[in-house]
Amino acid sequence: MTDDAAVPAVPPVRASDADRDALVARLQTAVGEGRLDLDEFAERAEAAYAAVTLADLDVLVADLPGDRAVGAATTGEIVGRRSPQEVTTVFGDVVLSAGQGLPRRASTVFGDVRIDLRGLRTSDDRIELHLGTIFGDVDVVVPEGVDAELLGRTVFGDRKVELAPLPRLAGTPLVVVHARTVFGDLRLRSLAPGVSASRWRALMDRLTARQLP
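This section reports on the structure supplied with the text. (Residues numbered from 1 in each chain as written. Predicted model: local features only at pLDDT ≥ 70, side-chain atom pairs only at ≥ 80, totals over all residues. Heavy atoms only, no water.)

## A few points about the sheet that holds strand 2 (residues 94–97)
At step 1: Within the open sheet, the 5 strands sit side by side as 2-4-6-10-8. Their pairing is parallel. Each edge of the sheet is formed by a strand with only one pairing partner; in this case those strands are strand 2 and strand 8 (159–162). Averaged over all pairs of adjacent strands, the angle between strand axes in this sheet comes to 10°, irrespective of strand direction.
At step 2: Sheet topology places strand 2 next to strand 4 (residues 113–116); 4 bridges connect them, and they run parallel. Across the sheet, residue Ser97 finds its bridge partner in strand 4, namely Asp116. (Pairing = 2+ DSSP bridges. Helix = DSSP H or I, 4+ residues; strand = E, 2+ residues; numbered from the N terminus. Axes fitted to C-alpha atoms, helices over the stretch in contact; angles between N-to-C directions.)

## Details of the packing of aromatic side chains
At step 1: For the coordinates displayed, the defined rule picks out 5 aromatic pairs.
At step 2: Seen from their ring centres, Phe110 and Phe135 are 4.8 Å apart, and the 5° between their planes marks the pair as stacked. One end of the pair, Phe110, is in the loop between strand 3 (105–109) and strand 4; the other, Phe135, is in the loop between strand 5 (126–134) and strand 6 (138–143), with 25 residues separating them in the sequence.
At step 3: Both rings, one in Phe156 and one in Phe183, keep their centres 4.8 Å apart while their planes meet at 15°; by these two values the pair is stacked. Taken together, the residues span a long stretch of sequence, with Phe156 in the loop between strand 7 (148–155) and strand 8 and Phe183 in the loop between strand 9 (174–182) and strand 10 (186–191) at a distance of 27 residues.
At step 4: We classify Phe156 as exposed; its relative accessible area is 61%.
At step 5: Of the residues examined, Phe183 reaches a relative accessible area of 38% and is grouped as partly exposed.
At step 6: Chaining the aromatic ring pairs together yields one cluster made of Tyr49, Phe91, Phe110, Phe135, Phe156 and Phe183. (Phe/Tyr/Trp six-rings, centres within 6.5 Å; stacked < 30°, edge-to-face > 60°. Buried < 20%, exposed > 50% of the residue type's maximum accessible area, 1.4 Å probe, protein only.)

## Quick notes on the nonpolar core
Within soluble globular proteins, side chains that are nonpolar tend to cluster in buried spots.
At step 1: Grouped together as the largest cluster of nonpolar side chains are 22 residues, with contacts concentrated most on Leu117, Leu131, Val140, Val142 and Val177.
At step 2: Elements that contribute at least two residues to this core include exactly strand 2, strand 4, strand 5, strand 6, strand 7, strand 9 and strand 10.
At step 3: With residues near it in sequence (within four places) discarded, Leu131 still touches Ala106, Val113, Ile115, Val138, Val140, Val177, His178, Ala179 and Arg180.
At step 4: Formed by 21 residues, the second largest nonpolar core is a distinct cluster that contains Val24, Ala30, Leu60 and Ile134. (Core = buried A, V, L, I, M, F, W, Y, C linked by side-chain atoms within 4.5 Å. Contact = heavy atoms within 4.5 Å.)

## As for the side chain of Thr172
At step 1: Tracing the backbone through its elements, the reader meets Thr172 in the loop between strand 8 and strand 9.
At step 2: Overall, Thr172 belongs to the buried group, its relative accessible area being 19%.
At step 3: Looking at Thr172, its side chain comes within polar contact range of the main-chain oxygen of Leu169, at 2.7 Å.
At step 4: Setting aside chain neighbours within four positions, we find Thr172 in contact with Gly145 and Val146. (Polar contact = N/O pair within 3.5 Å; in protein donor to acceptor, adjacent residues only side chain to side chain.)

## Section: the sheet that holds strand 5
At step 1: Overall, parallel pairing links the 5 strands, which are arranged 1-3-5-9-7 in an open sheet. Looking along the sheet, the strands with just one partner apiece sit at the ends: strand 1 (86–90) and strand 7. Along the sheet, successive strands turn relative to each other by an average axial angle of 10°, direction set aside.
At step 2: Sheet topology note: the strand 5/strand 9 ladder contains 9 bridges and is parallel. Bridge pairing in strand 9 places Ile134 opposite Val182.

## Regarding the pattern of salt bridges
At step 1: A full pass over the atoms with the stated rule returns 9 salt bridges.
At step 2: In this structure, Arg20 engages Asp17 in a salt bridge whose closest nitrogen and oxygen atoms are separated by 3.0 Å. Of this pair, Arg20 and Asp17 both sit in helix 2 (residues 17–32), 3 residues apart, which is roughly one turn of that helix.
At step 3: Between Asp93 and Arg114 there is a salt bridge, and its shortest N-O distance comes to 3.5 Å. In this pair, Asp93 sits in the loop between strand 1 and strand 2 while Arg114 sits in strand 4, placing the two residues 21 residues apart along the sequence.
At step 4: The exposure class of Arg114 is partly exposed, given its relative accessible area of 32%.
At step 5: Members of the salt-bridge network, linked through shared partners, are Asp93, Asp112 and Arg114. (Salt bridge = Lys/Arg side-chain N within 4 Å of Asp/Glu carboxyl O.)

And the structure:
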């Protein structure tokens, strides 16, 4: 019996949906870093969702930094699992409020990142958030009287800062939002407590108030 006959061939490991989503999230990061353009992202993302094995996925990120195997995502980097520091998802929105253990990084593909800081309670002098999305919007709401800055850029989108013209309240932190979008808007705004962060909900509330006797 030869050595070749003694060692059975190892079958390729089939990729899971979580593996495919994790790889697309890596591609999203590469776009934000300027390593891939939009055409390359679209081509590789399409190939990722058509991939059958982990080897097929590995080929799509072979020229990107990082030595993590794609399959390792199922044990240590599950897409959509929230940690105190980072939230990542694909084909969905990231919607968080300050009372949920706010992460400092959040990103998605084909979805919005919406963060409401009006319930924030902290002793920090400065809070920095790093947010990003492709084919979606970034929308951050801070309380009126809290100083905030929007740093970052958008490709094929608008950049809006709508803060109430009020002096900064003593004891409140400076909120610095680092954000990037591709085919989406960046928006930083302040709202009073109790005011809906949803434009449509706020409009309906005003219409209902007008109809009351």
